[in-house]
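# Fold and geometry: a report
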Protein chains: 2
Amino acid sequence: MSTQTEPANLMEAIVSLAKRRGFVFQSSEIYGGLNGFFDYGPMGVELKKNLRDCWWNDMVRRRDDIVGIETSIIMHPKVWEASGHVAGFSDPLVDCKVSKTRYRADQLFWAKVEFGTNTTSAPDAVAAHLNANDNVLGYVSALEDENITATLQSAAEGMKRKKHVQGILLPVQPRDFTEATADEVTQIPSPATGNPDLTPPRAFNMMFQTNVGAMTDASSVAYLRPETAQGMFVDFKNVVDTGRVKLPFGIAQTGKSFRNEITPRNFIFRSREFEQMEMEFFIHEDDDWAKWHRYWINWCKDWLLSIGLPASHISEYDHLKEKLAFYSKGTTDIMFKFPFGVQELWGIAARGNYDLTQHANASGKSQEIFDEATKKKFVPHVIEPAVGLDRIFLAVLASCYAEEQVTDEKGNTETRTVLRLSPRIAPVKVAVLPLLKNKEQLVARAQALYTKLKRKYPCFYDDSGAVGRRYRRQDEIGTPWCVTIDFDTIEKEGDTFTLRERDSMTQKRITETELFALLEEQVY
Amino acid sequence: MSTQTEPANLMEAIVSLAKRRGFVFQSSEIYGGLNGFFDYGPMGVELKKNLRDCWWNDMVRRRDDIVGIETSIIMHPKVWEASGHVAGFSDPLVDCKVSKTRYRADQLFWAKVEFGTNTTSAPDAVAAHLNANDNVLGYVSALEDENITATLQSAAEGMKRKKHVQGILLPVQPRDFTEATADEVTQIPSPATGNPDLTPPRAFNMMFQTNVGAMTDASSVAYLRPETAQGMFVDFKNVVDTGRVKLPFGIAQTGKSFRNEITPRNFIFRSREFEQMEMEFFIHEDDDWAKWHRYWINWCKDWLLSIGLPASHISEYDHLKEKLAFYSKGTTDIMFKFPFGVQELWGIAARGNYDLTQHANASGKSQEIFDEATKKKFVPHVIEPAVGLDRIFLAVLASCYAEEQVTDEKGNTETRTVLRLSPRIAPVKVAVLPLLKNKEQLVARAQALYTKLKRKYPCFYDDSGAVGRRYRRQDEIGTPWCVTIDFDTIEKEGDTFTLRERDSMTQKRITETELFALLEEQVY
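Computed from a predicted model, the values in this text were never measured in an experiment. The written sequence of each chain sets the order in which its residues are numbered from 1. As they are written, the chains are lettered A onward and the ligands numbered 1 onward, keeping that order. Totals for whole chains, interfaces and linings use every residue, but because this is a predicted model, local features are given only for residues with pLDDT of at least 70 and side-chain atom pairs only at 80 or more, for both listing and counting. Here the side-chain values reflect all heavy atoms present in the structure, with hydrogen atoms and water set aside.

## A word on the overall build of chain A
Secondary structure elements are defined from DSSP: runs of H or I of at least 4 residues count as helices, runs of E of at least 2 residues count as strands, and each element is numbered from the N terminus. Across its full length, chain A holds 16 helices and 27 strands. Its C-alpha atoms give chain A principal-axis dimensions of roughly 95 × 70 × 50 Å. Exposure is judged per residue with a 1.4 Å probe applied to protein chains only, and the accessible area is read against the type maximum: over 50% gives exposed, under 20% gives buried, and values in between give partly exposed. The buried share of chain A, taken over its 524 residues, is 56%. Residues count as neighbours in contact if any of their non-hydrogen atoms are within 4.5 Å of one another. Sequence-distant contacts in chain A: of pairs separated by 6 or more residues, those separated by 24 or more amount to 66%. Accessible surface area values rest on a Shrake-Rupley calculation with a 1.4 Å probe, where residue burial reflects the displayed protein chains alone. Split by element, the accessible area of chain A, about 22,100 Å² in all, is 50% carbon and sulfur.

## A word on the environment of Glu12(A)
Residues and elements named next belong to chain A. For glutamate 12, the location among the structural elements is in helix H1 (residues 10-20). Of the residues examined, glutamate 12 reaches a relative accessible area of 56% and is grouped as exposed. Remark: the alpha-carbon pair of glutamate 12 and isoleucine 510, spanning 498 residues in sequence, is separated by 38 Å.

## What to know about helix H12 (residues 389-400) of chain B
Residues and elements named next belong to chain B. Look at H12: 16 Å from first C-alpha to last across 12 residues, which is about the 16 Å you get at 1.5 Å a residue. The buried fraction of H12 amounts to 11 of the 12 residues, a majority that puts the element mostly inside the structure. The complete set of buried residues in H12 reads Leu389, Asp390, Arg391, Ile392, Phe393, Leu394, Ala395, Val396, Leu397, Ala398 and Cys400. Expected span of a helix, by definition, is 1.5 Å for each gap between consecutive residues, and there is one gap fewer than residues.

## A short note on the sheet that holds strand E8 (residues 136-143) of chain B
Pairing between the strands of a sheet comes from backbone hydrogen bonds, and it takes one of two forms, parallel or antiparallel. Residue and element names in this part refer to chain B. Reading across the sheet, the three strands line up as E8-E7-E9 and stay open at both edges, with antiparallel pairing between neighbours. Single-partner strands in this sheet number two, and they are E8 and strand E9 (175-176). With seven bridges connecting them, strand E7 (residues 108-114) and E8 associate as antiparallel partners. Each bridged residue has a counterpart across the sheet, and for tryptophan 110 the counterpart in E8 is serine 141. Orientation is described by axes fitted as lines to C-alpha atoms, over the contacting stretch for helices, and by angles from 0 to 180 degrees between their N-to-C directions. In the packing of helix H6 (residues 148-162) onto the sheet, the strands contacted are E7 and E8, and the crossing angle to E8 comes to about 140 degrees. Pairing between strands is defined by DSSP: at least two bridges between the two strands are required.

## Here we look at unusual backbone geometry
The phi torsion of most residues other than glycine is negative, and most of the peptide bonds are trans. Residue Leu247(A) is joined to Pro248(A) through a cis peptide bond whose omega torsion reads -10 degrees. Checked against the element boundaries, Pro248(A) lands in the loop between helix H9 (236-242) and strand E13 (249-258). The backbone of Lys100(B) shows a phi angle near 65 degrees, a positive value even though the residue is not glycine. Mapped onto the fold, Lys100(B) is located in the loop between strand E5 (90-95) and strand E6 (102-104). At Asn266(B), a position not held by glycine, the phi torsion is positive, near 60 degrees. With respect to the helices and strands, Asn266(B) occurs in the loop between strand E13 (249-258) and strand E14 (273-283).

## Structural notes on the interface of chain A and chain B
Each partner contributes to the interface: chain A provides 85 residues, whereas chain B provides 85 residues. The three residues of chain A that bury the most area against chain B are Tyr31(A), Arg61(A) and Glu70(A), which together make up 12% of that side's buried surface. Note on definitions: salt bridges are taken to be side-chain nitrogens of Lys or Arg within 4 Å of carboxyl oxygens of Asp or Glu. One can count 14 salt bridges joining chain A with chain B. Linking Asp64(A) and Lys454(B) is a salt bridge whose minimum nitrogen-to-oxygen distance equals 3.6 Å. Distance and chemistry together define a polar contact, namely a pair of N or O atoms within 3.5 Å, with one atom able to donate a hydrogen and the other to accept it when in protein, and with adjacent residues in sequence counting only for side-chain atoms on both sides. Joining chain A to chain B, the criterion identifies 49 residue pairs in polar contact (both at pLDDT 80 or more). By residue number, the principal contributor to the side of chain A that touches chain B is helix H2 (residues 42-61) of chain A, which donates 11 residues. Here the nonpolar group is Ala, Val, Leu, Ile, Met, Phe, Trp, Tyr, Cys and Pro; Asp, Glu, Lys and Arg are the charged ones; every other residue, Gly included, is treated as polar. Along the lines of polarity and charge, the residues of the side of chain A that touches chain B split into 33 nonpolar, 21 polar and 31 charged. Buried area is a sum: the accessible area each of two parts loses on coming together, probed at 1.4 Å, counted once for each and added.

## Considering the relation of the copies chain A and chain B
Relative to chain B, chain A is turned by 180 degrees and slid 0.1 Å along the rotation axis, the superposed coordinates differing by an RMSD of 0.2 Å. Look at the turn and shift together and you get a two-fold axis relating the two. Taking the C-alpha atom as reference, chain A places Thr210(A) closest to the rotation axis, 2.6 Å from it. The overlap is high: 100% of the interface residues of chain A also sit at the interface in chain B, so the same surface is used on both sides. All copies are superposed by least squares; the fitting set is the C-alpha atoms of residues with a pLDDT of at least 70 in both.

## Focus on the sheet that holds strand E20 (residues 381-388) of chain A
All names here are of chain A. Strand order in the open sheet formed by seven strands is E4-E13-E14-E20-E17-E16-E15, and the pairing between neighbours is mixed. With one partner strand each, in any of the chains shown, strand E4 (66-68) and strand E15 (314-318) form the two edges of the open sheet. Direction aside, neighbouring strands of the sheet carry axes that sit 25 degrees apart on average. Here 10 bridges tie E13 to strand E14 (residues 273-283), and the two strands are oriented antiparallel to one another. Looking at E14, one finds that alanine 252 is bridged to methionine 279. Across the face of the sheet, helix H10 (residues 289-306) comes into contact with E4, E14, E15, strand E16 (330-338), strand E17 (341-350) and E20 while running at roughly 140 degrees to E17.

Here you go:
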């Protein structure tokens, strides 16, 4: 019997489990860590690899219309000029001149603290604090959070109390720092000091820069790619010439990308080094882009369900037409309910033929395809589903994590932590447990089974401690099944084991053949 | 019937096939490429993934004593101070002041052009060209090649002819540029200009440098890792604390590394961005390191055979004791016969406890393990097998590539190009070929088989052109088996297909069940 309980702080619980059971470590932890960089431990690397492989198998190997590639992280710098990243891939940055803290201007919110103009009669005490021309008492600021309006309103009330002013404040109107006028910039307080120490926002390019070759000058500048997508565009012609593809078709790749985020945050959600899984699906210029856009939104949602994410956490967000780049036909994000709020997980963008055209112009190499039917040449259009592997990893941890009050047959209650990972992605598929480690026959049968399983499936052999404790250890790392080799196995007919299922905790007898059939069906 | 013929230039043949069939492209080719960077195309990415997965399965998942991790490419800069890379990871660099060409000093060879001192009587014409104090006519230089002595001797003879000098030259004594005295540096000609325009060698650090965060100053300097190995050392304690490991045990990882090579060369053999597969095997300080060293040398050689490399191309090279670093107990390289010579493929180094000790000192965090038996704490020693995935990829292409004269049943002779890839690593495992594409029954049976195969194995459906031509296309990309659905399949009992084997080109009838059993056995 079990009752599910929500941990007080889900994010804290996940980060703690991730560290404790070897899923995610802070990078370079013995040196104090490096902000925005993470390592994957023995369990994490397997979970990540399984997610990557599931995506690759479903996206590339099991389809006839998509091929994979793997392009270099450092590409020719002209790639990033043509793509627009050198000129435009920047975040607005604000410095606090006193504390040296840096903020992303669009994450730094502020508001005027203002009295209503039609207050019947502002007491003298108020008037003394107000500017000559308005009813503004001052400015408050705060970093973006779940409910920034409430945060700023509360800061405004605090200012009112601190200044011993009477009267009724207007509701605050939060704006971000990019919306501040030059005059307002000089008055908005820095969250670090409480004083107006902030610089005006400036554009900060998020590409990491390096130098290739022995020179360190402008001619040798290169960038770590901020996305894998440009690799598909730059190699488009090479794939068309060698890959036996015809429209519509896709080119997919997984790999590391790098963004020098001003404020990396939310664990592995927004880090500076991360892994992407991107696909560019090329279609005829006359094809119905909206149809394909919808097709890929649905495909991505179905895929998320196939790896075990709950439908209840998934939603869609259509980018506003007026906020899209001029070439964009439409972008829809698949959103996910993370512990820190609903955030973007997978973006599906209809980008027209912008990228290929940019590279054709910049390189002087035609990116056109010849259409047999119409005898015309044209540059294909593209639909791009782009997702971060680390984000999916986090979505999996967050939604599969559970704490349960369980009561055993003796009536004892304890809390079990369980990761309800789909068998497709679980780091360990089966744990093989001999009931006792000092019974030769049990051990021999368990070892034989383990050896046979291990050729095909990641599994774990555990003979230490009570079986109940061994189950708990597997529950925490999300192992779907435990197989116990017990006295019935060696003494009774049929050579059966006890199969214990993680989520229901039910047990039943199973033969080796049935076990392999179960794995064959569930692990793909 | 077939006869194997060696291509005139194997390296050229491989590079051409790699481009033509989508294995390897030059990075950013439409922008003129970027020296030392490569992309993997649709076939290449599959071959590379298969090699990586075979290594991972055999090294990590199928063993009980090794766990995997994945650490970030950008680590805390102190990691590289502690490891010695900031101070010492450099190559000697020489500049040609006129041409601006750069050379690795240890790859730039030179020799004195010298007459014997006991020449009976040097003619006046000789004397005019000789220095006052010796019989030196001048200096010649050349970049390292297969037979540098012959190259330099020939250059010396050329100088003699050019200067119209009589007499017999001494055999040249090639030395590299790091061995030149200050005086010689001013006389040795640059290979680019033929004049003595070279600078003295200077140390050039091969780590790519970047800046993390919004500052671009010394405090924000970071490096792209030049090896994955340090990740295992830096995360050692985290793995010990969470991974349920006990000595001896290993930590493995695969991933990109970066080295700013002065002269990248030999295709993907020495590039600036490459992928490593490294494992650190930790042993007790009192354990017999030589035994484990030998164990891992043998393991690595066996593994190379298991993916289909020929034993005839593999040899061992023991590094000379006097050339080892002070902490090193021994290093053995597994060498491979590449088209450009016998070169290092896999290094197996016994590194003592140097790395963990360095990090313990630099971080102030103990890296000791407690030994239950002796109740003592100590820092484990390590054996490190380190291999480049791109090098294995090249070794595979080079040794599996063959051109054969084949004679068909009609007596026609043609050349077939075949990649004799092991089924374990072939990008496509089976090609499914309906004999005719306009016979509904053939197509239906072929599609049914293809759909069933594709869930488990990368395979390819091809219905265009004569079956013989379809076989050839598969031969070139190394597909081990073709299955033809023909009239016997649909008209005779037993539902059998024609199975055509790539290397022998033999054909036999096979059932679906037998085909799956064959794949299950050969693809793992």
